[in-house]
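Listed below are the residues making up each chain.
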Amino acid sequence: MMKRILGAAMLLMTYSLAAQNPISPMGVYIADPSARVSPDGRLCLYGSRDESPKYYCSDRHDLLWTDDMLTWHHEKDMFSWKTTLYAPDAAFRNGKSYLYFDVPDGTEYVAEGDSPSGPFTDAVAIEGLHQIDPCVFVDDDGQAYYYFGQFSAKVAKMNPDMKTLDMSTMKDGIADEANHGFHEGVFMFKRNGWYYLVYADISRKHRPTCIGYSMGKSPMGPFTYKGVIVDNSGCDPAVWNNHGSVVEYKGNWYVLYHRATHGCVSMRKACIEPIRFNRDGTIDEVEMTSQGAGKPLDAFKPVDAARACKLGGNVRITGIEDRPDREILSGIRPGDTAAWKYIDFGKGADEAFILVKSETGGTITLRADKADGPLIGKIEVPARKNWQEIKAAVCRTKGVHALWAEFSTAAETAEGQEIFKLDLIRFSKSMKKAPKNVLRIATFNNQYENKGKPWSGRRDRVWKLMAEQRWDIVGMQEPFWNQVADMDTTLADYGWIGCSTDGKIEDGYWHYNPIFYRKDRLELIDWGRFWFTETPEIPMSKSWDTHTSRFCVWGHFRDRKTGKDFFQFNCHFDHKGEVTRQNSSRLLLAKAREIAGDKPFFCNGDLNTVQGSHAVSILLEGGLSDTWADAELRENTDIQSWNDWKPIRKPEEPFNFDHIFISKGTKALSWKLIDSRYDGDYPSDHFPITVEWSF
């Protein structure tokens with residue numbers, strides 16, 4: 001346990017409180033939030049205090065308040081009494097504060113205090129009432145109205161003492177389930193001559209998970225149903241109800257509501273979202289968020305897992321055994337999901353840190369914007385009994401995004417077995433700074449859509465590979481259009497150039513030679529292609545002993561860091577014709593000199609030939625340097641680059657089909673064959689080659 005606490009402390013070093021959802025403090029469960037602006041200018045939130053998964057509420061009320069919408073202050077035990085206290089409301093008049101509430105037998109009470117924070121004393125029953133969820137509204141003319149009810153909303157005028165009602169004005173049925181979706185938890189406010197009846201709305205999925213509203217021109221109706229303001233469905237697997245209010249504070253409008261937690265109906269936490277009104281007075285529905293009324297959460301500071309606003313599956317928010325003031329995600333099973341809306345990644349993050357516990361081990365897949373959105377990264381978690389902090393490279397992610405997590409494991413699990421507990425997530429920018437004039441270049445035969453190894457079954461391995469390697473530019477060979485289009489959509493930080501074998505940009509049948517490049521590092525100046533034949537400008541042409549028409553895609557780029565230009569030639573040579581491969585090397589040299597001139601360039605690709613072959617010798621004799629042999633640092637040079645989906649092979653003689661050659665005057669600082677497996681298998685039937693290139 002000490003390791004877990006130390007890990008938490010390390011992650012929490014830069015943590016600061018902010019206006020985030022839920023606004024109830026960790027370990028404190030405040031539901032049924034009624035928001036009121038107090039005479040001293042504070043926004044005060046009155047609500048039920050939950051304390052057990054076995055029953056609703058408790059025998060006390062707490063107060064949450066803010067004066068800047070950034071920090072919420074918690075005042076405990078504002079009011080306590082002899083029995084369970086349900087949803088409260090408050091009103092202020094004649095220098096006095098009034099607290100309204102109800103109890104299990106349906107009696108409704110009012111207590112009086114000298115301050116919006118209490119203490120409230122001398123509670124008395126409000127005669128003639130026997131139901132739930134009181135709300136007091138004071139109109140512009142000073143007349144106060146009392147709303148309450150379940151299934152059918154009721155209203156009556158209040159007498160000036162704010163403790164009794166004019167029963168002759170009692171009106172039942174101002175809203176009901178059939179016509180308004182009204183279930184309980186009524187609240188009233190006024191704006192621009194419209195009266196808004198706000199309540200727990202049961203119009204979706206036969207559960208009152210929504211805060212709905214109806215509008216009218218009189219505080220006593222009639223009211224017309226207008227829709228939903230916020231729906232807390234999906235906040236917890238056991239969510240049942242909602243209850244809230246709407247308030248204007250310092251020129252902005254907000255809806256307050258609660259979310260369920262702990263996988264039960266009776267533990268709930270207050271939340272807040274900004275809202276906007278349309279010209280006709282209607283309110284646009286808003287989504288649940290983690291940021292609430294504040295700014296998006298800072299990715300570079302610890303994000304509490306318990307801030308998740310959307311949970312899928314069995315996962316729920318609970319406390320920690322030895323830390324009642326901390327909350328985590330627990331009960332996580334394979335296939336469960338969680339989302340945080342929204343996270344600000346600033347100018348870019350490429351590392352993730354998580355504080356996690358898993359006795360099975362598994363994978364946490366992070367995506368941007370939606371559950372199947374662009375991959376941010378995959379975090380592999382080893383099986384351990386204790387809490388552990390995991391660091392992982394991820395795709396460089398910039399700006400504001402929703403963060404989605406999906407949980408999985410390759411381990412055999414019993415039905416209903418928990419695979420993860422998750423405490424914190426944080427991101428950072430890698431401190432590893434390559435020299436300014438160094439590029440991470442790569443070649444990668446990303447196999448075509450293969451029936452035996454379909455793209456759908458290995459695409460996530462490619463995302464993981466791309467996230468870990470963070471290549472500045474990579475030339476690929478073989479993928480079909482569906483793979484290229486998928487990468488174009490998912491790899492948001494990358495642009496691409498290329499075409500299919502027949503020269504078309506979008507073609508569902510032929511192979512592609514795409515070049516993917518980081519848009520933040522490289523500027524595309526120009527690009528083109530040529531075929532390895534005697535007529536290089538003609539798509540699909542063949543010469544010599546060519547078996548399959550092959551081609552090269554070239555790109556002219558400018559490095560945004562240095563302002564220097566360079567060229568890349570991404571090639572695929574014929575797999576059968578030896579004469580064709582030799583002539584392809586000669587043509588490549590000629591075209592590189594013609595197109596790049598005296599600018600630095602590199603040539604990469606699946607050349608279907610190995611070191612020592614005649615085709616490779618032609619390139620070396622033409623002045624190119626083989627990075628496999630000449631790099632200052634080399635790793636995995638003894639591994640065959642074509643794996644054919646089989647275990648790693650180390651032949652006695654070099655057997656690399658995949659190469660990177662660089663022009664004179666440039667240098668390879670490192671060469672590495674990437675032999676990583678993800679989810680138990682390779683991303684492709686070729687291993688990618690990575691080179692750090694200085695020019």
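In this convention, every chain numbers its residues from 1, walking through the sequence in written order. Reporting in this predicted model follows two pLDDT cut-offs: at least 70 for local features of residues, and 80 or more for side-chain atom pairs to be given and counted; totals over whole chains, interfaces and linings ignore these cut-offs and use all residues. As a convention, hydrogens and water are excluded, and side-chain values are obtained from all of the structure's heavy atoms.

**Considerations on the overall build of the chain**
Each helix corresponds to a stretch of at least 4 residues labelled H or I by DSSP, and each strand to a stretch of at least 2 residues labelled E; elements are numbered beginning at the N terminus. Across its full length, the chain holds seven helices and 44 strands. Referenced to the eigenvectors of the C-alpha coordinate spread, the extents of the chain come out at roughly 105 × 55 × 45 Å. Residue exposure (1.4 Å probe, protein chains only): buried if accessible area is under 20% of the type maximum, exposed if over 50%, otherwise partly exposed. Burial status across the chain gives 60% buried among its 695 residues. Long-range contacts, defined here as pairs at least 24 residues apart, represent 64% of the contacts in the chain between residues at least 6 apart. Note on areas: Shrake-Rupley with a 1.4 Å probe; residue coverage comes only from the protein chains shown. For the chain, the accessible surface area stands at approximately 27200 Å², while carbon and sulfur atoms represent 49% of it. Of the side-chain charges in the chain, 86 are positive and 96 negative, and the distance between the mean point of each set is 4 Å. Any two residues whose heavy atoms approach within 4.5 Å are treated as being in contact. The positive count covers Lys and Arg only, the negative count covers Asp and Glu only, and His and the chain ends enter neither. Taken as the charge location is NZ of Lys, CZ of Arg, CG of Asp or CD of Glu.

**Side note on the pattern of salt bridges**
What makes a salt bridge here is a side-chain nitrogen of Lys or Arg within 4 Å of a carboxyl oxygen of Asp or Glu, nothing more. One pass over the structure, following the stated rule, counts 45 salt bridges. A salt bridge links Asp-50 to Arg-268, with the nearest nitrogen and oxygen atoms 2.8 Å apart. Note that Asp-50 is positioned in strand β2 (residues 43-50) and Arg-268 in strand β19 (residues 268-275), a separation of 218 residues in sequence. A single burial state applies to Asp-50 and to Arg-268, both of which are buried.

**Section: a positive patch on the surface**
Like charges are joined within 9 Å and nonpolar side chains (Val, Leu, Ile, Met, Phe, Trp, Tyr) within 5 Å, but only among residues with over 30% relative accessible area and no salt bridge; these make up the patches. A cluster of basic side chains, namely Lys-347, Lys-429, Lys-436 and Lys-561, defines a positive patch on the protein surface. Secondary-structure assignment places Lys-429 in the loop between β31 (420-428) and β32 (438-445).

**With respect to the confidence of the model for the chain**
As a per-residue measure, pLDDT reflects the predictor's confidence and takes values from 0 up to 100. With 96% of its residues at a pLDDT of 70 or more, the chain has an overall mean of 92. Of the regions scoring below 50 in pLDDT, residues 1-18 engages in 26 contacts with residues more than four places distant in sequence or in other chains.

**Here we look at the environment of Glu-287**
Structurally, Glu-287 can be placed in the loop between β19 and β20 (297-298). Note on Glu-287: relative accessible area 33%, which makes it partly exposed. For Glu-287 and Arg-521, which are 234 residues apart along the polypeptide, the C-alpha to C-alpha distance reads 35 Å. The contacts of Glu-287, once residues within four sequence positions are left out, are Val-230, Glu-273, Lys-341 and Tyr-342. Within polar-contact distance, the side chain of Glu-287 engages the side chain of Lys-341 at 3.0 Å. A distance of 2.3 Å separates polar atoms of two side chains, one belonging to Glu-287 and the other to Tyr-342. Polar contact is the term for a pair of N or O atoms within 3.5 Å; when the atoms are in protein, one must be able to donate a hydrogen and the other to accept it, and sequence-neighboring residues count only if both atoms are side-chain atoms.

**Thoughts on the packing of aromatic side chains**
Two rings from Phe, Tyr or Trp (for Trp, the six-membered ring) form a pair when their centres sit within 6.5 Å of each other. Planes less than 30 degrees apart are called stacked, planes more than 60 degrees apart edge-to-face, and all others tilted. Going through the model one piece at a time under the given rule, you end up with 40 aromatic pairs. Between Phe-557 and Phe-566, the ring centres sit 5.7 Å apart and the planes meet at 25°, which makes this aromatic pair stacked. On the basis of relative accessible area, Phe-557 is assigned to the buried category, the value being 0%. The exposure class assigned to Phe-566 is buried, which follows from its relative accessible area of 0%. With a centroid separation of 5.6 Å and an interplanar angle of 80°, the aromatic rings of Phe-566 and Trp-693 are classed as edge-to-face. Residue Phe-566 is found in strand β38 (residues 565-572), and its partner Trp-693 is found in strand β44 (residues 689-694); the two are separated by 127 residues along the sequence. For the residue pair Phe-566 and Trp-693, the accessibility class agrees, reading buried in each case. Among the aromatic residues, ring-to-ring pairing joins Tyr-517, Phe-557, Phe-566, Phe-602, Trp-693 and Phe-695 into one connected group. Criterion for a charge above a ring: Arg CZ or Lys NZ at most 6 Å from the ring centre, at most 35 degrees from the ring normal. In this arrangement the basic side chain of Arg-191 is found over the ring face of Phe-277, its NZ or CZ atom lying 4.1 Å from the centre. Seen from the ring of Tyr-29, Lys-269 lies directly overhead, with NZ or CZ sitting 5.2 Å from the centre.

**Some points on the environment of Gly-612**
Take Gly-612: it is sitting in the loop between β39 (601-606) and α6 (614-621). When its relative accessible area of 70% is taken as the criterion, Gly-612 is described as exposed. Sequence spacing of Gly-612 and Phe-137 is 475 residues, and the spatial spacing of their C-alpha atoms is 88 Å.

**Let's talk about unusual backbone geometry**
Asn-21 connects to Pro-22 through a cis peptide bond whose omega is -10°. Turning to its location among the elements, Pro-22 is positioned in the loop between α1 (2-11) and β1 (29-37). Cis geometry is found at the peptide bond from Gly-118 to Pro-119, where omega equals 5°. For Pro-119, the position within the fold is in the loop between β7 (108-113) and β8 (121-125).

**Concerning the sheet that holds β19**
Paired through their backbone hydrogen bonds, the strands of a sheet run either parallel or antiparallel. Two strands pair if DSSP finds at least two bridges between them. An order of β17-β18-β19 is seen for the three strands of this open sheet, with the pairing classed as antiparallel. Strands with a single pairing partner mark the edges of an open sheet, and in this sheet they are β17 (245-249) and β19. If you compare each strand with its neighbour and ignore which way they point, the axes differ by 30° on average. Bridging between strand β18 (residues 252-260) and β19 involves eight bridges; their strand directions are antiparallel. Residue pairing for β19: Trp-253 is matched across the bridge by Ile-275. Structural elements are reduced to axes, namely lines fitted to C-alpha atoms, with helices fitted over the stretch in contact, and the angle between N-to-C directions of any two is expressed from 0 to 180 degrees.

**A closer look at the state of the cysteines**
By convention in this document, the label disulfide applies to cysteine sulfur atom pairs within 2.5 Å. For the structure on display, the rule yields zero disulfides. Looking at the unpaired Cys-499, the closest cysteine sulfur is the one in Cys-552, lying at 9.9 Å. Residue classification places Cys-499 among the buried positions, given a relative accessible area of 0%.

**Topic: the sheet that holds β1**
Spatially, β1-β2-β3-β4 is the arrangement adopted by the four strands of the open sheet, whose pairing is antiparallel. In this open sheet, the two strands that pair with only one neighbour each are β1 and β4 (73-85). If you compare each strand with its neighbour and ignore which way they point, the axes differ by 25° on average. As paired strands, β1 and β2 are joined by seven bridges and run antiparallel to one another. Along β2, the bridge assignment pairs Tyr-29 with Asp-50.

**Focus on the nonpolar core**
Ranked by internal contacts, the top residues of the largest apolar core, which has 39 residues, are Tyr-147, Phe-189, Leu-197 and Ile-275. Throughout this description, the term nonpolar core refers to a set of buried Ala, Val, Leu, Ile, Met, Phe, Trp, Tyr and Cys residues connected via side-chain atoms within 4.5 Å. Counting 37 residues, the second-largest nonpolar core is a separate cluster that includes Leu-297, Ile-343, Leu-403 and Ile-419.

**A word on the packing of helix α5 (residues 578-596) against α6**
Packed helices, taken two at a time, are described by their axes: the angle between them and the distance between them. Running from amino to carboxyl end, α5 crosses α6 at an angle of 15°, the nearest separation of the two axes being 8 Å. As far as their axial angle goes, α6 and α5 are roughly parallel. As α5 packs across α6, the resulting crossing turns out to be right-handed. Where α5 abuts α6, its residues Glu-578, Arg-581, Gln-582, Ser-585, Arg-586, Leu-588 and Leu-589 lie against His-614, Ala-615, Ile-618 and Leu-619. Note that the term roughly parallel is reserved for angles under 35 degrees, roughly antiparallel for angles over 145, roughly perpendicular for angles of 65 to 115, and oblique for everything else. With the far helix as reference, a near helix turned anticlockwise by less than a right angle produces a left-handed crossing, and one turned clockwise produces a right-handed crossing.

**A few points about a nonpolar patch on the surface**
A cluster of nonpolar side chains, Tyr-56, Trp-240 and Val-265, forms an exposed patch at the surface whose accessible area comes to about 230 Å². Structurally, Trp-240 is set in the loop between β16 (224-231) and β17.

**A short note on the pairing of β38**
Put simply, side chains in a regular strand alternate between the two faces of the sheet. In terms of residue burial, β38 counts as a mostly covered element, since eight of its eight residues are buried. Burial along β38 is two-sided: the residues Asp-565, Phe-567, Phe-569 and Cys-571 and Phe-566, Gln-568, Asn-570 and His-572 are all buried. In terms of strand pairing, strand β37 (residues 551-559) meets β38 through seven bridges, oriented antiparallel. In the strand pairing of β38, Gly-555 is matched with Gln-568. Across six bridges, the pairing between β38 and β39 is parallel. Bridged to Cys-571 within β39 is Gly-605. The handedness of the β38 to β39 crossover, carried by α5, is right-handed. Every crossover in which the path from the first strand over the helix to the second runs clockwise, viewed with the strands pointing away from the viewer, is termed right-handed.

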